[in-house]
Amino acid sequence: MRNQTDPYLDMQDRITGQIGALAEALPHCALAQIVQGIDDIRCLARDNGFAAVETLASRLESAVAGGGYRAAILTYLDAMSDAAQAPRGPMPAAAHEAWLASVASRLGH
């Protein structure tokens, strides 16, 4: 049963809420706003131990800032939402690679 004052679940909800809000706003956002939204999520994830979300957001942020991948943004955001459910804390390199591979698989690469 969920504890009303569980800070982990509150932060998980906040992160997934920001991901959802960015996904909804995508059709109306300029590229700079998208990059800022991704960076906000990445920083929130980093500061609160959501390493899988941070990894995906960092890769997405780099890809979008590099001038492309707008079509892949929703795929990354879906993966980030899934990653918010992963255990908090440091991850082994193989786990980082697995999350990134999951996005590649969803994109058909």
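Enquirer: So what exactly am I meant to see when it comes to the packing of helix 1 (residues 7–25) against helix 2 (residues 31–47) here?
Expert: Two quantities define a packed helix pair, namely the angle between the helix axes and the distance between the axes. Their axes nearest at 10 Å, the elements helix 1 and helix 2 cross at an angle of 170 degrees. With respect to helix 2, the axis of helix 1 lies roughly antiparallel. Seen from helix 1, the contacting residues are Met-11, Arg-14, Ile-15, Gln-18, Ile-19 and Leu-22; seen from helix 2, they are Ile-34, Gly-37, Ile-38, Asp-40, Ile-41, Leu-44 and Ala-45. Among the residues forming the contact of helix 1 with helix 2, the class breakdown is nine nonpolar, two polar and two charged.

Enquirer: Before we go on, may I ask you to explain helix 1 in this structure?
Expert: Owing to its 3.6 residues per turn, the α-helix aligns residues three or four sequence positions apart on the same side. Look at helix 1: 27 Å from first C-alpha to last across 19 residues, which is about the 27 Å you get at 1.5 Å a residue. Within helix 1, the full set of buried residues consists of Leu-9, Met-11, Gln-12, Ile-15, Ile-19 and Leu-22. The buried side chains of helix 1 occupy one side of the element, clustering within an arc of 165 degrees when seen end-on. Away from its buried face, by an angle of more than 90 degrees, helix 1 presents the exposed residues Pro-7 and Glu-24. Turning to helix 1, the residues buried within the fold contact helix 2, helix 3 (51–65) and helix 4 (73–83). The residue sitting at the N-terminus of helix 1 and contributing the capping side-chain oxygen is Asp-6; that oxygen lies 2.9 Å from the backbone nitrogen of Tyr-8.

Enquirer: Which parts of the structure should I look at to understand the side chain of Arg-42?
Expert: Along the chain, the position of Arg-42 falls in helix 2. For Arg-42, a relative accessible area of 17% gives the class buried. When neighbours within four sequence positions are excluded, Arg-42 is seen to be in contact with Glu-54, Ala-57, Ser-58 and Glu-61.

The rules behind the values
Just so you know, the residues in each chain are numbered from 1, in the order the chain's sequence is written. Residues qualify for local features only when their pLDDT is at least 70, as the model is predicted, and side-chain atom pairs are given and counted only at 80 or more; totals for whole chains, interfaces and linings, by contrast, use all residues. Calculation of side-chain values draws on the structure's entire complement of heavy atoms; hydrogens and water are dropped beforehand. Lines fitted to C-alpha atoms define the axes here, with helix axes fitted over just the stretch in contact, and angles between the N-to-C directions of these axes take values from 0 to 180 degrees. By the criteria applied, helices consist of DSSP H or I runs no shorter than four residues and strands consist of E runs no shorter than two, each listed in order from the N terminus. Should an angle fall under 35 degrees it is taken as roughly parallel, and over 145 as roughly antiparallel, whereas 65 to 115 is taken as roughly perpendicular and any remaining angle as oblique. In this description, contact between two residues means that some pair of their heavy atoms is separated by no more than 4.5 Å. Asp, Glu, Lys and Arg are counted as charged, while Ala, Val, Leu, Ile, Met, Phe, Trp, Tyr, Cys and Pro are counted as nonpolar; the rest, among them Gly, fall into the polar class. What a helix should span is 1.5 Å times the count of its residues minus one. Think of it in three bands: residues with accessible area under 20% of the maximum for their type are buried, residues over 50% are exposed, and the middle band is partly exposed, with areas taken using a 1.4 Å probe on protein chains only. Along the arc lie the directions from the helix axis toward the C-beta atoms. In protein, a polar contact requires one atom able to donate a hydrogen and another able to accept it; more generally it is a pair of N or O atoms within 3.5 Å, and residues adjacent in sequence count only if both atoms are side-chain atoms.

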